[in-house]
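Residues per chain are reported as follows:
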Amino acid sequence: STELNPIEVAIDEMSKKVSELNQLCTMEEVDMIRLQLKLQGSVSVKVNAGPMAYARAFLEETNAKRYPDNQVKTLVLCVSACRQFAEACGHALDVNERLIKEDQFEYQGEMKSHYKDMLNELSAVMNEQVRLSLLMISFIHKSSCRAKCWW
């Protein structure tokens, strides 16, 4: 067995989530139930605070300063894991949107909204703009730029 420090555990956990989402999205026949359950647990900050909790714990400026300079490389890996997680969630939402039936449009819209909220929070924590998938840019532009665009 290998002993991991808390940052390494966070990176490992997010990497596993990314792998699971990517695997579900690339199956020959996508298992919609598993994909939607994994998406729901990933994009809703209220349902699954894991990745966001990791981001806040290790990447918020006040917390990141507590780590020695020799762990900066590990923090950079954590940022990369957060980006990969956000990208995998966006890809999974795109796949889900292509495969859903009419009765799930509202559910898809809710997941997109949660995804947008997650990206906003990640962007704030990481002090950078986390990129959106092309479908999400279109959705967000239509639904929220009436008041104020944030990108």
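- An unreviewed UniProt entry lists the chain under the name DOCKER domain-containing protein, from Nothoprocta perdicaria.
- Regarding the chain, the relevant UniProt record gives this comment under Sequence similarities (unreviewed entry): "Belongs to the DOCK family."

## Observations regarding the packing of helix α2 (residues 32-43) against helix α6 (residues 105-126)
For any two helices packed against each other, the geometry comes down to the angle between their axes and how far apart the axes lie.
Here is step 1: As a packed pair, α2 and α6 sit with axes 9 Å apart at the nearest point and diverge in direction by 35°. The two elements α2 and α6 cross, and the hand of that crossing is left-handed. Mapping the contact onto sequence places Gln36, Leu39, Gln40, Ser42 and Val43 in α2 and Tyr107, Met111, His114, Tyr115 and Met118 in α6.
Here is step 2: Residue classes in the contact of α2 with α6 are distributed as 6 nonpolar, 4 polar and no charged.

## Quick look at the confidence of the model for the chain
Here is step 1: Taken residue by residue, the chain gives an average pLDDT of 77. The fraction at 70 or more is 77%.
Here is step 2: When pLDDT is averaged over each helix and strand of the chain, the minimum, 42, is found for helix α7 (residues 134-144) and the maximum, 89, for α2.
Here is step 3: Low pLDDT (under 50) marks residues 133-151, which in the prediction has 27 contacts with non-local residues, meaning those over four places away or in another chain.

## Some words on α2
Here is step 1: Helix length check: α2 (12 residues) gives 16 Å between terminal C-alpha atoms against 16 Å at 1.5 Å per residue, within 8%.
Here is step 2: When we look at burial in α2, the residues that qualify are Leu35, Gln36, Leu39, Gly41, Ser42 and Val43.

## Let's talk about the environment of methionine 111
Here is step 1: In this fold, methionine 111 is placed in helix α6.
Here is step 2: Filtering out sequence-adjacent residues up to four positions away, methionine 111 remains in contact with Gln36, Leu39, Gln40, Val43, Leu93 and Asn96.

Cut-off values and rules
Residues numbered from 1 in each chain as written. Predicted model: local features only at pLDDT ≥ 70, side-chain atom pairs only at ≥ 80, totals over all residues. Heavy atoms only, no water. UniProt positions renumbered as here; feature names shortened; annotations may be inferred. Axes fitted to C-alpha atoms, helices over the stretch in contact; angles between N-to-C directions. Helix = DSSP H or I, 4+ residues; strand = E, 2+ residues; numbered from the N terminus. Left-handed = near helix turned anticlockwise from the far one by under 90°. Contact = heavy atoms within 4.5 Å. Nonpolar A, V, L, I, M, F, W, Y, C, P; charged D, E, K, R; others polar. pLDDT = per-residue confidence, 0-100. Expected span 1.5 Å × (residues − 1). Buried < 20%, exposed > 50% of the residue type's maximum accessible area, 1.4 Å probe, protein only.

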